[in-house]
Amino acid sequence: MLCFWSYGCVMTTYDSDMQEHDLHILRHVVEEFDGRMALDSAVIQSGRLPVGTPVELLSWHREHARRRFLHTTKGRWRMVQQFDLIIVGAGSGNTIPGPDHVGWTIAIIEKDKFGGTCLNRGCIPSKMLIHAADVAETIHTAAPLGITARVERLDWDRLTGRVWQRIDPLAEAGEEWRQTQPNTTVFKGEARFIGEKTLEVNGQRLTAPRVILAAGSRPAIPDIPGLDQVVSHTSDTIMRLPRQPQCMAILGGGYIGAELGHFFGALSTEMTIINRGDRLLQREDEEISQRFTDLYARRFTVLLKTQVQRVRQQADTMTLDLSVDGRPQQVTCEVLLLAVGRVPNTDLLDVARAGIAVDAQGRVVTNVYHETTVPGIWALGDIASPHQLKHAANAEARTVAYNVAHPTRQRRGNDFAMPHAVFASPQVASVGLTERQVQEQGLPYVIGKRAYSATAYGWAIGDTESFVKLIAHAETRQVLGAHLIGPHAAILLQPLVNAMRFGETVDQLAHDTFYIHPALTEVVEQALLEIAPPAAQ
Ligand SMILES: Cc1cc2nc3c(=O)[nH]c(=O)nc-3n(C[C@H](O)[C@H](O)[C@H](O)COP(=O)(O)OP(=O)(O)OC[C@H]3O[C@@H](n4cnc5c(N)ncnc54)[C@H](O)[C@@H]3O)c2cc1C
């Protein structure tokens, strides 16, 4: 097949056997229109595109070559717009274009809002809403401090409006700014592969020698009888409810259910959390997950080992028929939130069509350089990463931005000691291996555990439930894992993440630095001292 490219964007393909005469005509077209010619058999699968003879092309090309974009198919030829780089997804993908790509023609394809999940329906709005929930919870729990207070009234529009008035303009401005960038073309629509490095969006076909997949993931929808007959929500829609529900059921005991449960629950929505397993936050270290489950069971109705058999709409409410540890039970709620996990958007993109391998979870398989099984196609963020975290996607985007511009000296990604946090109440934060994982790997280990209540600041905040659990290698003395549950866990974890990344030992961490007194960081110091008492130096 021969591809002809001219004026930056028009490409015509042939799947006929090229004769010397045809090539001669094409060369003539190239010279005449000051374009350039690329012979690339892998660009578009032949046979799927209408074709024309070079003579037909020549006459058409003379007529149309100066038009920048051609959206239609005429007669027997098909246009494909040629770029230097195509990026699918304007979440983390929108951060890719930079100084390394100056002068490149770049296509960015986005089917929804710029900013992706994190900005529009994920990390940022959820944490802004959760801050309001934390304030309400502080008011609810002030009595033991000698402060009598109560939440008089909730102004839902103001509470949620604060978030959307801040976020929505950012998404719009981000798109507008990108639209004005020289050499960048924004395509608004859902992209789908139609060949190895060729995508179709809104009927237009684009190709590039380099493609970056940053198309993220979406909420999984469980297969439950009756679910398609009721109005249910996912994290995509729940944060934009027009009013606060009186009662709500959350299906799923992972971090999204935990965080959004805290948000609505702290504002006094009656909450039921339904979980298949026997603990919430099941991926956390068992002690953390058990403590979290116990604390949530005090705040909300938590149904464990539970399956939903059927959902039925009844006027303004819906009823869930459950099997709770084998016993039938019903729950009635006004709003149902489905938070049972996320699926990568590889199916929407039809990555198989491009020959890109996916794993058992449907995620794009990448190597240490974040390149897929097709050279010249990279993938980052939720579509490829098991971490499903924004800071992971950001780091991968930086690596891919470099690698796409420097294919002969690519940088390796490094996700060692990837931390995460759950911004619920209590907060949870973790890095590295859980105790069970350490045991499964047969590593010799020691544990340092300390309750917040053992520190001065723990007394100050009247904490009775929170703790830090550190796991260190018994011989190398390096941190294998750190698990925290309690106020500011995400902040307290950070020095332990750094220690893991930089290979510091628990002895160094315990003895070779200072911890501000009486800050909450002393709880980390004390856990370290359990493993590395002064005499062990
Ligand atoms: C409720 C919630 C809370 C979260 N909280 C946190 C948190 O506190 N901390 C944290 O680290 N992470 C959090 N996350 C996870 C985080 O949001 C994601 O890991 C991160 O946004 C992934 O970035 P990404 O660029 O891979 O995907 P996205 O940001 O989802 O970007 C993908 C983009 O691709 C577009 N797209 C998809 N398919 C196509 C297609 N075929 N054609 C064109 N465009 C397409 C989508 O519209 C989207 O804009 C949270 C997620 C949720 C849902």
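What counts as what
Residues numbered from 1 in each chain as written. Predicted model: local features only at pLDDT ≥ 70, side-chain atom pairs only at ≥ 80, totals over all residues. Helix = DSSP H or I, 4+ residues; strand = E, 2+ residues; numbered from the N terminus. Buried ≥ 20, exposed ≤ 12 C-beta atoms within 10 Å, placed from the backbone. Contact = placed C-beta atoms within 7 Å. Near = placed C-beta within 6 Å. Nonpolar A, V, L, I, M, F, W, Y, C, P; charged D, E, K, R; others polar. Pairing = 2+ DSSP bridges. Axes fitted to C-alpha atoms, helices over the stretch in contact; angles between N-to-C directions. Parallel < 35°, antiparallel > 145°, perpendicular 65-115°, else oblique. Left-handed = near helix turned anticlockwise from the far one by under 90°. pLDDT = per-residue confidence, 0-100. Core = buried A, V, L, I, M, F, W, Y, C linked by C-beta atoms within 7 Å.

Novice: How should the overall build of the chain be read in this particular structure?
Specialist: Scanning the chain from N- to C-terminus turns up 15 helices and 26 strands. Expressed as a percentage of its 537 residues, the buried residues of the chain come to 41%. Put simply, of all contacts in the chain between residues at least 6 apart along the chain, 66% involve residues at least 24 apart.

Novice: Could you clarify how one ought to interpret the site of the ligand in this entry?
Specialist: Taken together, 35 residues are adjacent to the ligand, and Gly 89, Gly 91, Gly 116, Gly 216 and Gly 381 come closest. Going through the elements one at a time, β6 (106-110), α3 (116-121), α4 (123-140), α9 (346-349) and α10 (390-405) are the ones with two or more residues in the shell around the ligand. The residue inventory of the shell around the ligand, partitioned by class, reads 15 nonpolar, 14 polar and six charged.

Novice: I would appreciate a short explanation of the sheet that holds strand β15 (residues 301-303) in the present structure.
Specialist: Within a sheet, adjacent strands bond to each other through the backbone by hydrogen bonds, running parallel or antiparallel. If you trace the four strands from one edge of the open sheet to the other, you get β15-β14-β13-β19, paired in parallel fashion. Single-partner strands in this sheet number two, and they are β15 and β19 (335-338). Taking the axes of each pair of neighbouring strands and ignoring which way they run, one obtains an average angle of 15° across the sheet. Examined bridge by bridge, strand β14 (residues 270-274) and β15 share three bridges and lie parallel to one another. Residue Thr 272 lies in a different strand from β15, and its bridge partner there is Thr 301.

Novice: Just to check I follow, could you spell out the sheet that holds strand β21 (residues 377-379) for this structure?
Specialist: Strand order across the open sheet formed by five strands is β7-β6-β5-β11-β21, with parallel pairing between neighbours. Of all strands in the sheet, those with a lone pairing partner are β7 (184-188) and β21, marking the two edges. Each strand of the sheet is rotated relative to its neighbour by a mean of 15°, with strand direction disregarded. The sheet contact formed by strand β11 (residues 210-213) and β21 spans three bridges and is parallel. Note that in β21 the partner of Val 211 across the bridge is Ile 377.

Novice: Which parts of the structure should I look at to understand the packing of α4 against helix α7 (residues 255-266)?
Specialist: To describe two helices that pack against each other, one gives the angle between their axes and the distance between the axes. Two numbers describe how α4 lies on α7: the axes approach to 8 Å, and their chain directions differ by 45°. Between α4 and α7, the angle is such that the two are oblique. Crossing angle aside, the handedness with which α4 passes α7 is left-handed. Contact residues: α4 offers Ser 126, Leu 129, Ile 130, Ala 133, Ala 136 and Glu 137, while α7 offers Glu 259, Leu 260, His 262, Phe 263 and Ala 266. Of the residues that constitute the contact of α4 with α7, the class distribution is seven nonpolar, two polar and two charged.

Novice: Whenever I open this one, the environment of Thr 95 confuses me. Can you help?
Specialist: Assignment of secondary structure puts Thr 95 in the loop between β5 (85-88) and β6. Distance from Thr 95 to Ala 401, taken between C-alpha atoms, is 8.5 Å for residues 306 residues apart in sequence.

Novice: Is there a simple way to explain the confidence of the model for the chain in this structure?
Specialist: Note: predicted coordinates in regions of low pLDDT should not be interpreted at a detailed level. Looking at the chain as a whole, the pLDDT averages 89, with 85% of positions reaching at least 70. The weakest mean pLDDT in the chain belongs to strand β3 (residues 36-38) at 33; the strongest belongs to strand β26 (residues 479-485) at 99. Confidence over residues 1-19 falls short of pLDDT 50; this stretch has 60 contacts with residues more than four positions distant or in other chains. Taken as a whole, residues 28-51 scores under 50 in pLDDT and shows 53 contacts with residues more than four places along the chain or in a different chain.

Novice: Which parts of the structure should I look at to understand unusual backbone geometry?
Specialist: Excluding glycine, residues mostly carry a negative phi; peptide bonds, for their part, are mostly trans. Backbone torsion omega between Ser 425 and Pro 426 reads 10°, so that peptide bond is classified as cis. Mapped onto the fold, Pro 426 is located in the loop between β22 (420-422) and β23 (428-432). At the junction of His 517 and Pro 518, the peptide bond is cis and its omega measures out at -5° in the coordinates. Within the secondary structure, Pro 518 sits in the loop between α14 (506-511) and α15 (522-531). Non-glycine residue Asp 325 carries a positive phi angle of around 50°.

Novice: I tried to follow the nonpolar core on my own but got confused; where do I start?
Specialist: Among soluble globular proteins, nonpolar side chains are generally buried collectively. Within the largest apolar cluster, 76 residues are counted, with the highest numbers of intra-cluster contacts made by Leu 251, Leu 337 and Val 428. Dropping the residues within four chain positions of it, Val 428 is found in contact with Leu 281, Glu 284, Ile 288, Phe 292, Ala 421, Val 422, Leu 484, Ile 485 and Ala 489. Counting 42 residues, the second-largest nonpolar core is a separate cluster that includes Leu 85, Ile 86, Ile 383 and Ala 397.

Novice: So what exactly am I meant to see when it comes to the pairing of strand β25 (residues 467-473) here?
Specialist: In summary, the side chains of a regular strand alternate between the two faces of the sheet. Taking burial as the measure, the seven residues of β25 include six buried ones, the bulk of the element. Alignment of strand β24 (residues 445-451) against β25, held across seven bridges, turns out to be antiparallel. In the strand pairing of β25, Arg 450 is matched with Val 468. Looking at chain direction, β25 and β26 are connected through six bridges and run antiparallel. Bridging across to β26, Val 468 finds its partner in Leu 484.

Novice: Quick question: what am I supposed to make of α15 here?
Specialist: Side chains that are three or four residues apart share a direction in an α-helix, a result of its 3.6 residues per turn. Most of α15 sits out of view: eight of its 10 residues are buried. If you check which residues of α15 are buried, you get Glu 522, Val 523, Val 524, Glu 525, Gln 526, Ala 527, Leu 528 and Ile 531. Structurally, α15 contributes buried residues whose contacts are with β24, α12 (456-460), β25, α13 (489-502) and α14.

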